[in-house]
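Okay, here's what each chain looks like letter by letter:
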Amino acid sequence: MTTAPPTAAARALESLDGLSIGDAFGERFFGRVEAVLPRIARREVPQTEWPYTDDTEMALSIVRVLLDHQCIEQDTLARLFAERMDSSRGYGPGAFGILSAIARGGDWRMLSHSCFGGNGSFGNGAAMRVAPLGAYFADRPLEDIVRQARQSAEITHAHPEGIAGAVAVAVAAALASQARGSSAPLGRAFVEAVRDATPPGDTRDGISECLALGPDATPVQAARILGNGAGVTAPDTVPFCLWVCSRFSHDFVESMWNTVTALGDRDTTCAIVGGIVACQTGRAAIPEEWFELREAVDP
Ligand SMILES: [Mg+2]
């Protein structure tokens, strides 16, 4: 018996599971470094509940818009981002300000461009929520994926680097979806393809730097060169996530431990990696216990 390939909606929901489990998993490892690192070294799965954070909350709105409209309808997405925002979920001050103003009737086009001194945000927030979009459009031409990712980003991240981060992650998720079921990591060709689809700038340059890392590099060594998201910018976050995916896209559990061990913005790095890797591995690669620990998600 052959199994039909998953639909666009099913792919997006599977990526959302990877993203939300990554987000909630990574968030459990904040705290004093002396306490956190031994827990990671022992691979101690946190046994308290795993609430999700802003990464998942925003991804839920993207998935809702895709399920309802089959494309990014920007005004609808802006409204959903604002309506759904729960300020206890760890939003950055930039996103909080924009979404609060949208909720009061503000125009996202003006708000997104005027923040950060008129430059727009180059934070990692557009990248952290976009993997399900790449999964959804995985069977479409590359330019469609890039355009939809850009549109999803612009609502809160008008800066070219904020947009580049989203484009890179969406393309990465699409490539992982195309490799669904493969037991091999995506490797260098994946990094090169994502780099080539990413607009020029610091994020793209950082992705190029992944290629200079040797096969024996550890996540901590990679993060020292690529960043670990501690600066919460797209260039400081996305290249490291793609490096992890290039090595561990065939193994969801390994991808999570290798991401979190670099610390940094660990809910977001794990959300990005989880959202991409789940596209290749499928849900079956995620431990059942992790689903049970994660707060339920409902797009
Ligand atoms: Mg977060």
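Note that the structure is predicted; figures quoted are calculated from it, not measured. (Residues numbered from 1 in each chain as written. Predicted model: local features only at pLDDT ≥ 70, side-chain atom pairs only at ≥ 80, totals over all residues. Heavy atoms only, no water.)

Visitor: Report on helix H4 (residues 74–84), specifying residues and quantitative values.
Guide: Listing the buried residues of H4 in full gives Gln-74, Thr-76, Leu-77, Ala-78, Leu-80, Phe-81 and Ala-82. As for H4, its buried residues are in contact with helix H3 (54–69), helix H5 (93–103), helix H6 (108–118) and helix H9 (142–154). (Buried < 20%, exposed > 50% of the residue type's maximum accessible area, 1.4 Å probe, protein only. Helix = DSSP H or I, 4+ residues; strand = E, 2+ residues; numbered from the N terminus. Contact = heavy atoms within 4.5 Å.)

Visitor: Any chance you could break down the environment of Ser-177 for me, citing the residues and the numbers?
Guide: Here Ser-177 lies in helix H10 (residues 160–178). For the pair formed by Ser-177 and Gln-280, sequence separation is 103 residues and the distance between their alpha carbons is 5.2 Å. Leaving out residues up to four positions away in the same chain, Ser-177 has contacts with Arg-11, Ala-135, Ala-138 and Cys-279.

Visitor: Which residues make up the pattern of salt bridges, and what are the values?
Guide: A full pass over the atoms with the stated rule returns 17 salt bridges. For the salt bridge of Asp-139 with Arg-11, the shortest nitrogen-to-oxygen distance reads 3.3 Å. Residue Asp-139 is found in the loop between helix H8 (131–136) and H9, and its partner Arg-11 is found in helix H1 (residues 8–27); the two are separated by 128 residues along the sequence. Classification of Asp-139 by relative accessible area gives exposed; the value is 59%. Note on Arg-11: relative accessible area 11%, which makes it buried. A salt bridge links Arg-140 to Asp-144, with the nearest nitrogen and oxygen atoms 3.1 Å apart. (Salt bridge = Lys/Arg side-chain N within 4 Å of Asp/Glu carboxyl O.)

Nothing here speaks to function; it is geometry throughout.
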